[in-house]
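Fold and geometry: a report
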Amino acid sequence: MTIKTASYLQSNTKVDKLPAPTKPEYAFIGRSNVGKSSLINMLTGNGKLAKVSATPGKTITINHFIINNEWYLVDLPGYGFAKRSQEDRKMWEKMLDDYIMNRRNLILTFVLVDSRIEPQKIDLEFIARLGEHQVPFAIIFTKADKLKKSQLAANIEAYRQRLLEEWEELPPMVVTSSENGIGKDEVLDMIEGCNRSISL
């Protein structure tokens, strides 16, 4: 897939105010500071599309971008270590639940995981919840350029083995780097394949 146009559409905290569910939608979510905005900018070829911040938890709304006037890319708030109040976190959790569990045109949720660190409980719990609710998802490993190839391979295999303790079949996985474009074609091809096989 070639992305010819990518533009910001809207931000919202209420699911019932989101764009009409007439186009396929792909959401990106991960632990705070996992590199989500950088990945979105890399995928779309627009370095300023999603706001990149060194401060964890910067994204606090559901952000819609329209791609090629054909599908929506959705930047979701990160979970985990954001320095926000408990009340804010509960609001986010409800918003994310409403969106992920009920958005009928959400085709695939990409869960971003930092390839440099061992499996984190918060990621595993989020992945497990998606499985329990039969929400289609794929795992994107970020920041692959920060590791030697041997260490990267070992970390990915460790993650696979950890998931196999609870999963009979593993979800699709893509290794990426926002710095050098690794994984860009694989992610976009996955989206293109989904777009071809669905009708809304």
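Residues numbered from 1 in each chain as written. Predicted model: local features only at pLDDT ≥ 70, side-chain atom pairs only at ≥ 80, totals over all residues. Heavy atoms only, no water.

**Digging into helix α4 (residues 149-164)**
Helix length check: α4, at 16 residues, gives a terminal C-alpha distance of 22 Å against a target of 22 Å (1.5 Å per residue), a fit within 8%. All buried positions along α4 are accounted for by L152, N155, I156, Y159 and L163. Buried residues along α4 cover an arc of 95° about the axis, so they all sit on one side. (Helix = DSSP H or I, 4+ residues; strand = E, 2+ residues; numbered from the N terminus. Expected span 1.5 Å × (residues − 1). Buried < 20%, exposed > 50% of the residue type's maximum accessible area, 1.4 Å probe, protein only. Arc of directions from axis to C-beta.)

**Topic: the nonpolar core**
Counting 31 residues, the largest nonpolar core has I29, L76, Y99, I100 and V111 as its most contacted members. Elements with a contribution of two residues or more to this core: β2 (25-30), β3 (62-67), β4 (71-75), α2 (86-102), β5 (106-114), α3 (121-132), β6 (137-142) and α4. If one sorts the elements of this core by residue count, α2 sits on top with 5 residues. Once you skip the residues sitting within four places of it in the chain, V111 turns out to touch I29, Y79, F126, I127, L130, F137, A138, I139 and I140. (Core = buried A, V, L, I, M, F, W, Y, C linked by side-chain atoms within 4.5 Å. Contact = heavy atoms within 4.5 Å.)

**Brief notes about the pattern of salt bridges**
Counting across every chain of the model gives 12 salt bridges. Note that D123 and R31 form a salt bridge whose closest N and O atoms lie 3.7 Å from each other. Separated by 92 residues along the polypeptide, D123 in helix α3 and R31 in the loop between β2 and α1 (36-44) bring together distant segments of the chain. Note on R31: relative accessible area 10%, which makes it buried. Here D75 ties to K36 by a salt bridge, and the two come within 2.5 Å at their closest N and O atoms. In this pair, D75 is assigned in strand β4 and K36 in helix α1, connecting sequence segments 39 residues apart. An identical accessibility class is assigned to D75 and K36; each is buried. Salt bridges sharing common partners tie together R162, E165 and E166. (Salt bridge = Lys/Arg side-chain N within 4 Å of Asp/Glu carboxyl O.)

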